[in-house]
Amino acid sequence: MFLSSLFSLVLVALVGCGDDESNRRFTDPASTFRTYKQALENGDFELLWECFSLSQKEGEERQVWIDRWQQKPAAEIKAQLRREIAQEHIINERIGYLLFDPSTLSDDRASPFFYFIRENHGWKITSHLDSTFHQELEQAIERGEYK
């Protein structure tokens with residue numbers, strides 16, 4: 001009986017560990033964006049890499065990508081960190097976007113949007129040019145999920 005109870009306690013503890021911080025970092029577009037900002041603030045370019053979709057990383061060598069981010073001017077990083085979310089819109093279970101407060105953008109040419117696609121490990125930053133995102137958006141429009 002004691003061993004059975006002990007086994008149950010260990011099992012409950014292990015199951016509880018499955019919901020770790022890495023899973024919560026990408027639960028929705030806003031969480032992913034907060035993770036993105038945290039990675040930029042801390043210079044954690046490995047974590048920053050994890051914020052982007054597979055399509056954004058396609059054809060990129062991880063270290064070359066990280067080196068490019070490490071060489072970005074401090075002003076460019078600060079501009080990203082100033083962004084504040086005005087609206088989060090999850091279109092469906094696969095795609096969504098964030099709209100940023102225009103007063104927090106670096107200039108009039110900066111896009112006020114970040115686009116997201118849901119992958120196996122959560123919501124990841126992508127581009128409106130991502131063919132999968134674009135296809136999902138077209139299908140969402142056809143189904144009346146987005147206008």
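Since we're looking at a predicted model, the values are computed, not measured.

### As for the overall build of the protein
- Within the protein, the regular secondary structure consists of eight helices and four strands.
- Across the 147 residues that make up the protein, the buried fraction comes to 34%.
- In the protein, of all internal contacts separated by at least 6 residues, the share reaching a separation of at least 24 is 47%.
- Accessible surface computed for the protein: about 9500 Å², of which carbon and sulfur atoms make up 53%.

### Some remarks on the sheet that holds strand β1 (residues 85-90)
- On the basis of which strands lie adjacent, the open sheet formed by four strands has the order β1-β2-β3-β4 and antiparallel pairing. Across the chains shown, the open sheet's two edge strands, defined by having one partner strand only, are β1 and β4 (122-126). Geometrically, the sheet is characterised by an average inter-axis angle of 25° between neighbouring strands, direction not taken into account.

### Details of helix α8 (residues 131-142)
- The end-to-end C-alpha distance of α8, which contains 12 residues, comes to 16 Å, matching closely the 16 Å that a straight helix rising 1.5 Å per residue would cover.
- Considering only its buried residues, α8 is in contact with β2 (95-100), β3 (113-119) and β4.
- Where α8 begins, the side chain of Asp 130 points an oxygen toward the backbone nitrogen of Thr 132, at a separation of 2.9 Å.
- Directly beyond the C-terminal end of α8, a positive phi value near 80° is found at Gly 144.

### Brief notes about the pattern of salt bridges
- Inspection of the entire model under this criterion finds seven salt bridges.
- Across the pair Arg 62 and Glu 46 runs a salt bridge, and its minimum N-O distance is 2.9 Å. Of the two residues, Arg 62 sits in helix α6 (residues 62-70) while Glu 46 sits in helix α4 (residues 45-50), which places them 16 residues apart along the sequence.
- Taking the shortest distance from any N to any O, the salt bridge between Glu 60 and Arg 68 comes out at 2.8 Å.
- Three or more residues joined by partner-sharing salt bridges are found here, namely Glu 46, Glu 50 and Arg 62.

### Some details on the packing of aromatic side chains
- According to the stated counting rule, one finds 16 aromatic pairs in the structure shown.
- For the pair Tyr 97 and Phe 113, a centre-to-centre distance of 5.6 Å together with 75° between the ring planes defines the contact as edge-to-face. Of this pair, Tyr 97 sits in strand β2 while Phe 113 sits in strand β3, placing them 16 residues apart in sequence.
- Look at Tyr 97 and you get buried, because its relative accessible area is 11%.
- Measuring from centroid to centroid gives 5.2 Å for Phe 100 and Phe 114, while their planes differ by 85°, and the two rings are edge-to-face. Linking Phe 100 in strand β2 with Phe 114 in strand β3, this pair joins segments that are 14 residues apart in sequence.
- Sitting over the ring of Trp 69, Lys 72 keeps its end group 4.8 Å from the ring centre.
- In this structure, Lys 124 is placed above the aromatic ring of Phe 26, and the distance from its NZ or CZ to the ring centre is 4.0 Å.

Analysis parameters
- Residues numbered from 1 in each chain as written.
- Predicted model: local features only at pLDDT ≥ 70, side-chain atom pairs only at ≥ 80, totals over all residues.
- Heavy atoms only, no water.
- Helix = DSSP H or I, 4+ residues; strand = E, 2+ residues; numbered from the N terminus.
- Buried < 20%, exposed > 50% of the residue type's maximum accessible area, 1.4 Å probe, protein only.
- Contact = heavy atoms within 4.5 Å.
- Areas by Shrake-Rupley, 256 points an atom, 1.4 Å probe, with all protein chains shown as cover.
- Pairing = 2+ DSSP bridges.
- Axes fitted to C-alpha atoms, helices over the stretch in contact; angles between N-to-C directions.
- Expected span 1.5 Å × (residues − 1).
- Polar contact = N/O pair within 3.5 Å; in protein donor to acceptor, adjacent residues only side chain to side chain.
- Salt bridge = Lys/Arg side-chain N within 4 Å of Asp/Glu carboxyl O.
- Phe/Tyr/Trp six-rings, centres within 6.5 Å; stacked < 30°, edge-to-face > 60°.
- Lys NZ or Arg CZ within 6 Å of the ring centre and 35° of its normal.

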